[in-house]
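# A structural walkthrough
Residues per chain are reported as follows:
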Amino acid sequence: MKQTLTIRPATASDIPALVELLKLLFELEQDFVPDPGRQTAALQLMLASPLAAVLVAETDGEVAGFCGAQLLVSTAEGGWSGEVEDLVVAPQWRRRGVGTALLRAVGDWAYGRGAVRMRLNCDDQNLPAMAFYRRHGWEISHLQIWFYHRPDPSSGDSIVGRP
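Read on for an overview of the structure. (Residues numbered from 1 in each chain as written. Predicted model: local features only at pLDDT ≥ 70, side-chain atom pairs only at ≥ 80, totals over all residues. Heavy atoms only, no water.)

Summarising the element assignment, glutamine 92 is placed in the loop between strand E4 (79-89) and helix H3 (98-111). The exposure class of glutamine 92 is partly exposed, given its relative accessible area of 46%. Sequence separation between glutamine 92 and alanine 64 is 28 residues, and the spatial gap between their C-alpha atoms is 8.1 Å. Within polar-contact distance, the side chain of glutamine 92 engages the side chain of glutamate 62 at 3.0 Å. (Helix = DSSP H or I, 4+ residues; strand = E, 2+ residues; numbered from the N terminus. Buried < 20%, exposed > 50% of the residue type's maximum accessible area, 1.4 Å probe, protein only. Polar contact = N/O pair within 3.5 Å; in protein donor to acceptor, adjacent residues only side chain to side chain.)

This next bit is on the pairing of strand E3 (residues 62-74). As defined by bridge partners, strand E2 (residues 52-59) adjoins E3 across 8 bridges and the pair is classed as antiparallel. Each bridged residue has a counterpart across the sheet, and for valine 56 the counterpart in E3 is phenylalanine 66. Where E3 meets E4, 10 bridges bridge the pair, whose relative direction is antiparallel. Note that in E4 the partner of glycine 68 across the bridge is aspartate 86. As consecutive antiparallel partners, E3 and E4 are separated by 4 residues, and within that stretch glycine 78 has a phi angle of approximately 70°, a positive value. (Pairing = 2+ DSSP bridges.)

Our focus in this paragraph is the sheet that holds strand E5 (residues 115-120). Read across the sheet, 5 strands follow the order E1-E2-E3-E4-E5 without closing on themselves; strand pairing throughout is mixed. In this open sheet, the two edge strands, each paired with only one partner strand, are strand E1 (5-9) and E5. Along the sheet, successive strands turn relative to each other by an average axial angle of 25°, direction set aside. Relative to E2, E1 runs antiparallel, the two being bridged by 5 bridges. (Axes fitted to C-alpha atoms, helices over the stretch in contact; angles between N-to-C directions.)

Keep in mind these numbers describe shape, not what the thing actually does.
Take a look at the structure:
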């Protein structure tokens, strides 16, 4: 029996399942550690933002995966850019078209709101994800992502650090 895949906007009731999926993703990524409180807070912010979308892939009442995206202004493009925040598919649903459907839907969401390009971040050791993105026409940029975590404000440090 063929199961029906539905892509729909996430709701607050989906957050626990999405946090579990993010745990799987963050266990693969070198820069992040699963933190259910932080992931819950972030998903709540995205659900409330008019510049963000969280889309769920559901099959027969089960969350099979999700993809989040946000709109950002691109000075290089002179318009909106869609940033894929996370794309996660539960292991039992991988290689069954779920990720492709989510990526297409989030692209439709962003381009439908005026985005002129899409971008995403992928851990450089997540070879299956990189192969997936390449198969779907994504290209690797020469840009690197850098992080800065604000220290305790009482330390006197600023965003440029200490000289």
